[in-house]
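# A closer look at the structure
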Amino acid sequence: MTVVTETPGQRRLPDRPQVHVTRRLLPSVEARMRELFDVVLNEADRPLGREELIAAMRGCDVLVPTVTDRIDAAMLEQAGERLGLIANFGAGIEHIDLHAARLRKIMVTNTPGVFTDDTADLAMMLILSVPRRLGEGSRLVRDGKWTGWAPSAMLGHCIGGKRLGIVGMGRIGQAVAHRARAFGMDVVYHNRHRLPPSIENMFGASFEPDLEKLIAEADILSLHCPAGADTHHLLNAARIAEMKPSAFVINTARGDLIDEEALIAALQEGRIAGAGLDVFAREPQVDQRLIDLPNVITLPHLGSATIEGRAHAGEKVVANIRFWVDGHRPPDQVLDGWA
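Residues numbered from 1 in each chain as written. Predicted model: local features only at pLDDT ≥ 70, side-chain atom pairs only at ≥ 80, totals over all residues. Heavy atoms only, no water.

Let us look at the UniProt feature "domain: D-isomer specific 2-hydroxyacid dehydrogenase NAD-binding" (unreviewed entry) in the protein. The residues that UniProt annotates with the feature "domain: D-isomer specific 2-hydroxyacid dehydrogenase NAD-binding" (unreviewed entry) are residues 124–303. Between the end C-alpha atoms of residues 124–303 the distance is 11 Å, and the span holds 33% helix and 16% strand. (UniProt positions renumbered as here; feature names shortened; annotations may be inferred. Helix = DSSP H or I, 4+ residues; strand = E, 2+ residues; numbered from the N terminus.)

Here's what the structure looks like:
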């Protein structure tokens, strides 16, 4: 006999809901999902097209998408009445139309806090690597062009005493500030809201309410804010033009925070010193001009790419689904579809 449960929206679900996962997850996570749910996996592990995502939503109770799955209002309109939960794999939810989900009474959850340290570690790695020209040095060795040590060869910049400007002082921004303090950096941040003095003291960070001033005075600028209409091209041509010629840009957040054309022009013309980029405007396409620049390190969106982090995120997804199926509020609810 099939057992059904009632959710807050009076949706009747089987005890083993149909769960559609859009990309391959760790084997341990997929095995756990198979134990608990009727799960459909993406065995080919390729991004689903628009129509494929719509078809998946029509045939499942729970969709488990990732940041590369754009889910807009028109798609949700075609999802049908069965879909009740979007259990996102990852903390960012800007790829999901939350307002449309609310109107459809579809709950949305995410996996916050899981990738904080992983992403902060990567950002700190770029903060260290770009001024010290590690990308350029690696190319020299790999291409067989290194001629040996010399007192004046491959000189970079130390980071001790340099001003690190952090835009977005959430979990990841704070974790980067914590790491930067250990390297003797002067940490200044801009945020929508100023942090309490106790937290500022903990990280040795100073608040700068003027974003333009922070960008203009930073030796290294690190972006850690979410994507959205308010932050699209936050680092635009005008702001890049005000940066120091010796300044570096680090972006491990979202590609569309930067006007990529303006950044490329500034790098090519030597108006800023370099960049470390883990995200791009048109992923997975990366502008060849960025790849060719010796003073730029380009990475394939590795911020969250640790076995431990991806396993923890998968566990959170499973927990959110189980809470929802049992009629309880999931621990990582983003959108209350029944409010």
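Let us now look at the sheet that holds strand β10 (residues 205–207). Pairing between the strands of a sheet comes from backbone hydrogen bonds, and it takes one of two forms, parallel or antiparallel. Ordered by their spatial adjacency, 7 strands build an open sheet running β10-β9-β8-β11-β12-β13-β14, and the pairing between neighbours is parallel. Both edges of this open sheet fall to β10 and β14 (296–298), since each of them pairs with a single strand only. This sheet shows a mean twist of 20° between the axes of neighbouring strands, independent of strand direction. Note that strand β8 (residues 163–167) and strand β9 (residues 186–190) share 5 bridges and pair parallel. Each bridged residue has a counterpart across the sheet, and for Leu 164 the counterpart in β9 is Val 187. (Pairing = 2+ DSSP bridges. Axes fitted to C-alpha atoms, helices over the stretch in contact; angles between N-to-C directions.)

The description of two helices packed together rests on the angle between their axes and the distance between the axes. In contact at an axis separation of 9 Å, helix α5 (residues 116–129) and helix α7 (residues 171–182) are set at 50° when each is read in the N-to-C sense. Judged by the angle between their axes, α5 and α7 are oblique. Taken as a pair, α5 and α7 cross one another with a handedness that is right-handed. Contacts between α5 and α7 involve Thr 116, Asp 117, Thr 119, Ala 120, Asp 121, Ala 123, Met 124 and Ile 127 from the first element and Arg 171, Ile 172, Ala 175, Val 176, Arg 179 and Ala 180 from the second. (Parallel < 35°, antiparallel > 145°, perpendicular 65-115°, else oblique. Left-handed = near helix turned anticlockwise from the far one by under 90°. Contact = heavy atoms within 4.5 Å.)

Glancing now at the environment of Val 317. Note that Val 317 resides in helix α13 (residues 307–325). Residues Val 317 and Asn 110, spaced 207 residues apart in sequence, show a C-alpha to C-alpha distance of 7.3 Å. Val 317 has contacts with Met 33, Val 64, Ala 87, Asn 88, Phe 89 and Thr 111, leaving out every residue within four places of it along the chain.

For the protein, the mean per-residue pLDDT works out to 93, and 94% of the residues sit at or above 70. Segment residues 1–6 is flagged for pLDDT under 50; beyond a separation of four residues in sequence, or across chains, it makes 14 contacts in the model. (pLDDT = per-residue confidence, 0-100.)

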